[in-house]
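# Topology and contacts: notes
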Amino acid sequence: MRNRNATAYRFLAPYLLIFSVFWVWPIISSFMISFQATRTVPWRFAPGFNWGRLIGDPAFFNALKNTLLILVIQVPVMIALAMVMAVLLNSPLLKARGLYRFAFFAPVVVGEVAYSAVFRLMFSLDFGIVNKLLNSIGLPKIDWFSNVTPAMALIMIAVTWRWAGYNAIILLAGMQSIPEDVYEAATLDRVSKLKQFFYITVPLLKPVIVFCTVLSIIGTMQLFTEPFLITERGGPGGGTETLGLLLYRQGFRSLNFGYASAVAYTMAALAIAITLVQLWLTREKQ
Amino acid sequence: MAPVTLNNVAKRFGAFEVVHGANIDIKDGEFVVFVGPSGCGKSTLLRMIAGLEDISGGEIAIGGKVVNDVEPADRGIAMVFQSYALYPHMSVEQNLSFGLRMTGNPKADTDRRVKRAAEILRISELMDRRPKKLSGGQRQRVAIGRAIVREPQVFLFDEPLSNLDAELRVQMRVEISRLHKELGTTMVYVTHDQTEAMTLADRIVVLRAGHIEQIGPPLELYENPDNLFVAGFVGSPKMNFIKGRIVGRDARGVLVELAGQEKTRITQPLTGTAPEVGSKVIVGVRPEHFGDAGEGDADLVVGIDVIEHLGGTSFLYARTVHGEDVVIQRDAAKVPETPEITASIRKSYLFDDKGLRLR
Ligand SMILES: Nc1ncnc2c1ncn2[C@@H]1O[C@H](COP(=O)(O)OP(=O)(O)OP(=O)(O)O)[C@@H](O)[C@H]1O
Ligand SMILES: [Mg+2]
């Protein structure tokens with residue numbers, strides 16, 4: 001038995017090596033760096049330096065506020081939308097199901113830079129199709145990039161566009177695992193389709209919904225691409241700066257790795273905390 | 001309570017016809033069992049009565065009213081599924097009351113119906129449990145309870161016992177029989193198990209490949225099968241089939257010679273037109289219709305392969321000199337010790353080469 005384990009570990013060794021060097025070590029290392037003053041060389045141990053700054057930093061609280069705002073609006077909207085998409089995909093009336101499934105999933109595999117560029121074009125003030133459409137139904141143009149509220153909305157729209165289909169596919173898989181005869185029994189019980197959705201589909205899908213929500217929370221906590229590329233590094237004036245962007249700005253623009261590490265650990269801690277609350281709220285009651 | 005009438009009912013999936021013009025008259029309060037091999041269309045027929053499948057042709061009437069275009073929930077039926085189809089996230093009590101709660105039935109009435117169903121099925125102490133925490137038999141009871149709560153005019157069962165072990169199956173079979181006596185409601189029951197059909201049914205509908213082969217009370221099917229299929233399907237162990245040839249006929253019947261056994265000749269009285277001398281026929285003999293040598297009409301020499309002792313009776317698995325398998329039932333006390341015996345045929349059935357009964 002011992003021998004067999006040893007062989008197994010020899011096979012695992014290359015992976016474990018890379019995993020330790022590129023995963024475990026940076027995690028430990030950045031934790032230690034977060035306790036060091038890294039503004040001047042040599043770095044020195046100063047626990048209060050970064051963590052103390054974090055507590056009083058308006059830029060941090062701005063980024064935190066933006067991230068949480070996106071989180072509480074975008075994640076529920078996206079999950080609800082994904083749910084609707086999954087129901088439509090699951091409908092027996094739908095023709096060319098495979099095509100739709102692919103179309104919904106496609107945004108995930110489109111290159112981030114390409115998709116951001118397209119969004120910038122679509123939402124541009126004078127030439128964008130979105131403003132043209134708004135105009136054509138008699139609404140005023142919106143300057144998506146120069147005002148904070150539209151800019152935040154734009155970020156949420158973009159993130160939702162990119163990930164809703166992905167979640168829909170996961171939810172669809174969950175829906176398809178619910179046996180058909182449960183619905184048939186409900187139909188015979190005179191339960192309407194809408195009630196079947198809320199009283200059967202949603203409760204039975206709860207574990208999958210929680211899974212999607214947790215994934216989305218973690219993803220949104222780390223949100224970076226969209227505010228970096230679409231609203232140009234968190235513009236206007238930091239109005240869409242997220243924790244991910246703050247981390248990047250501190251770490252790779254100001255080369256202040258200690259502070260960036262402290263931000264990174266805050267993000268991770270928040271993601272874990274929110275996830276735990278979420279799991280606790282939706283736990284299976286005995 | 002209501003009669004159910006199927007008038008020339010057909011079902012097609014695309015171009016594939018699964019049920020070919022079925023005519024069945026189910027009386028008010030009757031227990032009718034659809035039986036047949038896998039894939040013969042039993043479930044499809046039942047689901048058409050329930051309204052879960054469209055009807056491709058013909059008419060279904062429940063309580064005298066044609067229901068072809070009536071919603072499943074408005075047909076006055078309740079169905080018990082093979083897989084139970086319980087709501088996994090609800091307690092037993094919620095499972096039972098779900099439909100009534102969702103449709104705004106008064107609470108007092110809902111509670112009364114749930115309580116009554118729980119008492120009938122003796123599941124009152126399980127009310128707070130989830131289906132996952134129930135045994136197969138208990139789940140089955142809950143599924144039946146959910147049907148009772150609807151107070152339907154017709155109960156539909158689709159192989160409700162096939163997921164249970166043998167002992168439980170017998171027990172639940174008795175329960176369902178008792179339920180039918182207690183409620184007196186029309187019941188339509190699908191199974192591929194002929195024992196279930198024989199024990200439960202007032203009348204059995206034997207189906208094969210979407211055709212009705214015969215309809216009748218269990219004993220009538222047993223004693224008077226219309227064709228080879230019904231004869232072979234009803235009864236356990238199966239009826240033995242031995243090839244034969246008509247060697248003579250007169251006004252009262254025919255003389256049949258068994259293949260390869262020139263000395264074994266059976267006289268078979270017939271009221272209908274007898275087939276030509278020389279035509280091939282099949283002689284059917286039930287295992288219990290073999291007697292000791294000389295007891296019956298004709299004697300048959302067989303070699304015994306295996307003897308199965310069931311206690312009171314034994315089954316001899318044997319082979320004719322012509323190589324045809326036969327099963328012979330004997331009292332345990334009369335089990336032979338020789339490897340070859342002579343058995344008499346006390347009663348037999350005659351079928352023509354198309355499988356139709358000659359009588
Ligand atoms: N939705 C469907 N589309 C196409 N063919 C179907 C469909 N449902 C059933 N069939 C076919 O119809 C025939 C009858 O099916 P059905 O389920 O009624 O059989 P059954 O007698 O209940 O068999 P079992 O004892 O296995 O349950 C089968 O050949 C089956 O393949
Ligand atoms: Mg079936």
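Everything that follows concerns the structure shown earlier in this document.
A few points on the structure.

Residue and element names in this part refer to chain A. Those residues of helix H6 (residues 129–136) that sit buried are Val130, Asn131 and Leu134. The arc enclosing the buried residues of H6, seen along the axis, measures out at 95°, which places them on a common side. Exposed residues lying more than 90 degrees from the buried face of H6 are Leu133 and Ser136. Buried-residue contacts for H6 involve helix H5 (112–122). Within two residues after H6, Gly138 carries a phi angle of roughly 85°, on the positive side.

Our focus in this paragraph is unusual backbone geometry. Between Ser236 of chain B and the following residue, Pro237 of chain B, the backbone shows a cis peptide bond with an omega angle of -5°. Notably, Leu255 of chain A is not glycine yet its phi reads approximately 55°, a positive angle. Along the chain, the position of Leu255 of chain A falls in the loop between helix H11 (243–253) and helix H12 (257–281). With phi around 45°, Glu151 of chain B is a residue other than glycine that occupies positive phi space. As for its position among the elements, Glu151 of chain B is in the loop between helix H4 (136–149) and strand S7 (154–158).

All names here are of chain B. For ligand 1, the full set of nearby residues is Phe13, Val18, Ser38, Gly39, Cys40, Gly41, Lys42, Ser43, Thr44 and Glu159. The contact in question runs from an oxygen atom of ligand 1 to an N or O atom on the backbone of Gly41, over 3.0 Å. At 3.1 Å, a side-chain N or O of Glu159 approaches an oxygen atom of ligand 1. Protein contact buries 60% of the 640 Å² of open area that ligand 1 shows by itself. Take the shell around ligand 1: its biggest share by element is three residues, from helix H1 (residues 42–50).

Residues and elements named next belong to chain B. For strand S11 (residues 240–249) and strand S14 (residues 280–285), the ladder comprises six bridges, and the chain directions are antiparallel. Each bridged residue has a counterpart across the sheet, and for Arg245 the counterpart in S14 is Lys280. Where S11 and strand S12 (residues 253–258) come together, five bridges link them in antiparallel fashion. Of the residues in S12, the one forming a bridge with Arg249 is Val254. Counted along the chain from S11 to the antiparallel partner S12, the turn is three residues long.

All names here are of chain B. Judged by pairing direction, the sheet is antiparallel, and its six strands sit side by side in the order S13-S12-S11-S14-S20-S21 without closing on themselves. Of all strands in the sheet, those bounded by a partner on one side alone are strand S13 (261–269) and strand S21 (357–358). Across two bridges, strand S20 (residues 349–352) lies against S21 in antiparallel orientation. Considered in S21, the bridge of Phe351 is made with Arg357.

Now for the packing of helix H3 (residues 58–90) of chain A against helix H4 (residues 97–109) of chain A. Residues and elements named next belong to chain A. Where H3 meets H4, the axes come as close as 10 Å, and the angle between the chain directions of the two elements is 160°. It follows that H3 is roughly antiparallel to H4 by the angle criterion. Seen from above, H3 lies across H4 with left-handed handedness. Residues Met85, Leu89 and Asn90 of H3 touch H4, and the partners they reach there are Arg97, Tyr100, Arg101 and Phe104. Each residue belonging to the contact of H3 with H4 can be placed in one class, and the counts come to four nonpolar, one polar and two charged.

All names here are of chain B. Along the chain, the position of Asp226 falls in the loop between helix H7 (218–223) and helix H8 (228–233). On the accessibility criterion, Asp226 (29% relative accessible area) is partly exposed. Taking C-alpha positions, Asp226 is 24 Å from Glu17, a pair spaced 209 residues apart along the chain. Residue contacts for Asp226: discarding those within four places in its chain leaves Glu213, Gln214, Leu356, Arg357 and Arg359. Side chain to side chain, Asp226 and Arg359 meet in a polar contact 2.4 Å long.

What follows concerns the interface of chain A and chain B. Quite often, the size of an interface is put as the accessible area lost when its parts meet. Of the residues lining the interface, 18 residues belong to chain A; the matching set on chain B comes to 24 residues. In this assembly, chain A packs against chain B so that about 1,800 Å² is buried in total across both faces, 61% of it on carbon and sulfur atoms. For the pair chain A and chain B, the interface holds three salt bridges. For Arg190 of chain A, the salt bridge identified is with Asp74 of chain B, shortest N-O distance 2.3 Å.

Before going further, it helps to spend a moment on helix H5 (residues 166–183) of chain B. Residue and element names in this part refer to chain B. The terminal C-alpha atoms of H5 lie 26 Å apart, and with 18 residues this matches the ideal 26 Å at 1.5 Å per residue to within 8%. Every buried residue of H5 is listed here: Met172, Arg173, Glu175, Ile176, Leu179, His180 and Leu183. In a view along the axis of H5, the buried residues occupy a sector of 170°, so they form one face of it. Those residues of H5 that are exposed and angled more than 90 degrees off the buried face are Glu167, Val174 and Lys181. Looking at the packing, one finds that the buried side of H5 touches strand S3 (31–35), helix H3 (107–121), H4, S7, strand S8 (186–191) and helix H6 (194–200). Once H5 finishes, Gly184 follows within two positions and takes phi at roughly 65°, a positive value.

Conventions adopted
- Residues numbered from 1 in each chain as written.
- Chains lettered and ligands numbered in written order.
- Predicted model: local features only at pLDDT ≥ 70, side-chain atom pairs only at ≥ 80, totals over all residues.
- Heavy atoms only, no water.
- Buried < 20%, exposed > 50% of the residue type's maximum accessible area, 1.4 Å probe, protein only.
- Helix = DSSP H or I, 4+ residues; strand = E, 2+ residues; numbered from the N terminus.
- Arc of directions from axis to C-beta.
- Contact = heavy atoms within 4.5 Å.
- Near = heavy atom within 4 Å.
- Polar contact = N/O pair within 3.5 Å; in protein donor to acceptor, adjacent residues only side chain to side chain.
- Areas by Shrake-Rupley, 256 points an atom, 1.4 Å probe, with all protein chains shown as cover.
- Pairing = 2+ DSSP bridges.
- Axes fitted to C-alpha atoms, helices over the stretch in contact; angles between N-to-C directions.
- Parallel < 35°, antiparallel > 145°, perpendicular 65-115°, else oblique.
- Left-handed = near helix turned anticlockwise from the far one by under 90°.
- Nonpolar A, V, L, I, M, F, W, Y, C, P; charged D, E, K, R; others polar.
- Buried area = accessible area lost by both parts, 1.4 Å probe.
- Salt bridge = Lys/Arg side-chain N within 4 Å of Asp/Glu carboxyl O.
- Expected span 1.5 Å × (residues − 1).

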